[in-house]
Amino acid sequence: MNNRILYLHGRPSSHFLHNSLATSLGVDHKPIDEKYRWQDQEFGPLRNLYAWFRNAFAYKGYQHYDYILVDGLHFSPIIAKKLGILPKRITIIAHMGNQLPYFFLAKKIPFYSRLMHKWLINNYDHIFCEGEFMRGMIRRMRPDIKPSLHVTFLGPLENRLKVLHTIQPQFATNTMISIATGPGEARIYYKGLDIMCEAFLMARKDMPELKYYIVGNWSEADISRLTKGYSVEDRKNIFFVGHSDNIEDYMKNADLSIHTARGDAFPTSTVEAMHAGVPIIVSDQTGTKQIIEEAHLDLIVEPSAEQLAAKIRWYFNLPLEEKKELSEKLRVSASNYTEAKAIKHYQNTFKQIKS
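Residues numbered from 1 in each chain as written. Predicted model: local features only at pLDDT ≥ 70, side-chain atom pairs only at ≥ 80, totals over all residues. Heavy atoms only, no water.

Participant: Tell me about the packing of helix α1 (residues 16-23) against helix α17 (residues 339-354), residues and numbers included.
Facilitator: A packed helix pair is summarised by two numbers, namely the angle formed by the two axes and the spacing between the axes. With their axes 9 Å apart at the nearest point, α1 and α17 run at an angle of 50° to one another. Comparing the axis directions of α1 and α17 gives the class oblique. Classified by chirality, the crossing of α17 by α1 is right-handed. On α17, the residues that touch S20, L21 and A22 of α1 are E339, A342, I343 and Y346. When the residues that make up the contact of α1 with α17 are grouped by side-chain class, the tally is five nonpolar, one polar and one charged. (Axes fitted to C-alpha atoms, helices over the stretch in contact; angles between N-to-C directions. Helix = DSSP H or I, 4+ residues; strand = E, 2+ residues; numbered from the N terminus. Parallel < 35°, antiparallel > 145°, perpendicular 65-115°, else oblique. Left-handed = near helix turned anticlockwise from the far one by under 90°. Contact = heavy atoms within 4.5 Å. Nonpolar A, V, L, I, M, F, W, Y, C, P; charged D, E, K, R; others polar.)

As structure tokens, then:
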């Protein structure tokens, strides 16, 4: 790209797809808090503030860069630029694909933090938004937003696509799947797992043969919270299988995937389900709804257990041919969302900034 670009990411590392996009620009990689580690230490607000400034002063070693790409919304780069530690000529870009904008809008973070982030986001030069939904949230977060907003997207790795495209759902198992990782109450809320577990319980009243597999790490406390009030039979039909390196083993046996998140920008697991031909129901607060809208609007619901349960019943009552038709439509819609196409789009977006 003939430019010196620094990529600053959180701890322990950035999302592997974010890393892939950044690497395609020819960046140097560094943690956001290289001088004074704080990002994964669970410090209090005052110590975090101290860490932001201490790291900002250390950014004098980054003065030779032309661009700084930040994974998420961090204070230190902007503090460094405001204090003159980083020269004004450096363009600072935020890649936004996390839960912060939704938690901001839902007032799930303290008032003082909302004020600080409202100031912060307006001091970046550009923002790369994972999907249209993320761009919309940022506009709501700051209607007078100054940075230019650029929509990007994610897609499965090329080697994953080869595996996913071999899957041929049989629609004969009465099995649902969700791919979502915790642990913790905030992650349950963000991924909408409470909604999905409650909807499963409601749907089972009319469909006692229904089974539900949840792939991803959740603690025993999380599982107990989610399955409180379940009968013995209900517990026998919900499976928290933990992390899996072979998600396709669960996808190939699934009739339906569900992902009714609250503010999930562009969850790759939902795109993978579409590439595998597994029909998926998402919430209207899940960014990948933009792909599903091209196939079937009935697969998008509000983040409500009642609505999701009704939609699960509707889906399983569809004739086999209609399920197969949905499967193919989703595969076609998802075909434009791959790692290779995401990288090309990302590079073109960066070229627009340079021009």
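Participant: So what's going on with a nonpolar patch on the surface? Which residues, and what values?
Facilitator: Taken together, the side chains of L46, L49, F53, F57 and L83 make up a nonpolar region of the molecular surface, amounting to roughly 500 Å² of accessible area. Counting through the fold element by element, L83 comes out in the loop between α3 (76-82) and β4 (91-96). The exposure class of L83 is partly exposed, given its relative accessible area of 47%. (Patch = residues over 30% accessible without salt bridge, like charges linked within 9 Å, V, L, I, M, F, W, Y side chains within 5 Å. Areas by Shrake-Rupley, 256 points an atom, 1.4 Å probe, with all protein chains shown as cover. Salt bridge = Lys/Arg side-chain N within 4 Å of Asp/Glu carboxyl O. Buried < 20%, exposed > 50% of the residue type's maximum accessible area, 1.4 Å probe, protein only.)

Participant: An account of the packing of aromatic side chains is needed here, citing residue identities and associated values.
Facilitator: Taken as a whole and judged by the stated rule, the model has 18 aromatic pairs. Between the aromatic rings of Y36 and F43, the centroid separation amounts to 6.5 Å while the plane-to-plane angle is 35°, which identifies the pairing as tilted. Given a relative accessible area of 21%, F43 falls into the partly exposed group. Both rings, one in F128 and one in Y346, keep their centres 5.1 Å apart while their planes meet at 80°; by these two values the pair is edge-to-face. Residue F128 is found in strand β5 (residues 126-130), and its partner Y346 is found in helix α17; the two are separated by 218 residues along the sequence. Both residues of the pair, F128 and Y346, belong to the buried class. (Phe/Tyr/Trp six-rings, centres within 6.5 Å; stacked < 30°, edge-to-face > 60°.)

Participant: How would you summarise the environment of S257 if you had to cite specific residues and measurements?
Facilitator: In this fold, S257 is placed in strand β10 (residues 256-259). Residues S257 and I138, 119 residues apart in the sequence, show an inter-C-alpha distance of 28 Å. Contact partners of S257, with chain neighbours within four places excluded, come to I177, A273, V278, P279, I280 and I281.

Participant: Talk me through the pattern of salt bridges; I want residue IDs and the actual numbers.
Facilitator: One pass over the full model with this rule turns up 19 salt bridges. K252 is the partner of D249 in a salt bridge, and the nearest nitrogen-oxygen pair spans 3.8 Å. For D249, a relative accessible area of 36% corresponds to the partly exposed category. Overlapping salt bridges bring together R4, D66 and R89 as one network.

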